[in-house]
Amino acid sequence: MTCLALEASSLVKHYRGQNSPAVNGIDLSLQAGELIALLGPNGAGKTTTISMLSTLMRPDSGTLTLHGVDALRSPQSVRRLIGMVPQELALYPSLTLAENLRFWGRLYGLSGTHLEQSLTASVTMTGLEDVTQRRIDTFSGGMKRRANLAAGIIHQPQILFLDEPTVGIDAQSRHQILTNLRQLNADGMTMVYTTHYMEEVSQLCQRVVVIDEGREVVSGAVDALMADHPECAHLEDLFLKLTGKQLRD
Ligand SMILES: Nc1ncnc2c1ncn2[C@@H]1O[C@H](COP(=O)(O)OP(=O)(O)OP(=O)(O)O)[C@@H](O)[C@H]1O
């Protein structure tokens, strides 16, 4: 029997003071090595979903299994498997890149030679090997995003969650990040990522899950979804048709 990398069922999260749940019954399954995009208009519930999938936030109800382990009952035992690249930078601006990465590496239990080798691998992968001794607050926006990715992969997680990893950066850094994600995925890393950029999705993802108002609207392979809707010339048109909304406000 093959074990799924991720299996989530009926996830619900209702923030206090809000009229309706941010996430209202999301189901999701990923085979090991799959790369999927979680899409939805602003406020659809993407960040809340990815926060629950990565065990950062506990759902009000539902189940979550990562590589066969009940992640709600034993979050500590699955955290080593998980990498997170959050929308907000997870880096200390006054520390150098190497200091930041050592901090994250140690949190994941790395030390000594293994930590230094992992640091080298993550900065090489993200093209930052020449700037490890520079403080983060001297980096461009694109370099910060790449450093954020380096921090998320320092412990070579099996499942990587990325919340808008390419938002607001220059074309070169975006290209580099997409190339990195493709390489990591080709090497076997399972990935769930959110984005507003449809052209990325067509290039990168095997499957998309579109959510709106905390529920799944549609999911499937990009090609199959487009074939089901021949009236839509682009994924962007399909998205608008399915949700009645633009990807951005
Ligand atoms: N900490 C919070 N407290 C209360 N409400 C919240 C909180 N975080 C998110 N929300 C609300 O929950 C809903 C879903 O938000 P979420 O950030 O998950 O959506 P999103 O799809 O990631 O949006 P965006 O594309 O704008 O990042 C929104 O209505 C948002 O205002």
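What counts and how
Residues numbered from 1 in each chain as written. Predicted model: local features only at pLDDT ≥ 70, side-chain atom pairs only at ≥ 80, totals over all residues. Pairing = 2+ DSSP bridges. Helix = DSSP H or I, 4+ residues; strand = E, 2+ residues; numbered from the N terminus. Contact = placed C-beta atoms within 7 Å. Axes fitted to C-alpha atoms, helices over the stretch in contact; angles between N-to-C directions. Near = placed C-beta within 6 Å. Nonpolar A, V, L, I, M, F, W, Y, C, P; charged D, E, K, R; others polar.

Naming follows an unreviewed UniProt entry, where the protein chain appears as ABC transporter related of Desulfuromonas acetoxidans.

**Topic: the sheet that holds strand 5 (residues 69-70)**
Taken in spatial order, the four strands of this open sheet run 2-1-4-5, and their pairing is antiparallel. Only two strands of the sheet have a single neighbouring strand rather than two, namely strand 2 (23-30) and strand 5. For strand 1 (residues 6-13) and strand 4 (residues 61-66), the ladder comprises five bridges, and the chain directions are antiparallel. Counted as the bridge partner of Glu 7 is Thr 65 from strand 4. Helix-sheet contacts for helix 1 (residues 46-53) involve strand 1, strand 2 and strand 4, and the interaxial angle to strand 1 is about 125 degrees.

**A short note on the site of the ligand**
All residues in the neighbourhood of the ligand are listed as Tyr 15, Gln 18, Ala 22, Gly 40, Asn 42, Gly 43, Ala 44, Gly 45, Lys 46, Thr 47 and Thr 48. Looking at the shell around the ligand, its residues break down into three nonpolar, seven polar and one charged.

**Focus on the sheet that holds strand 6 (residues 82-85)**
Read from one edge to the other, the open sheet built from six strands follows the order 6-7-8-3-9-10, with strand pairing classed as mixed. Strand pairing shows two members of the sheet lacking a second neighbour, strand 6 and strand 10 (215-220), which therefore form its edges. Looking at each pair of strands side by side, their axes are set apart by 15 degrees on average, direction ignored. Bridge count for strand 9 (residues 207-212) against strand 10 is five bridges, and the pairing is antiparallel. Residue pairing across strands places Asp 212 opposite Arg 215, the latter belonging to strand 10. Along the sheet face, helix 5 (residues 141-153) touches strand 6 and strand 7 (159-163) and points at about 165 degrees away from the line of strand 6.

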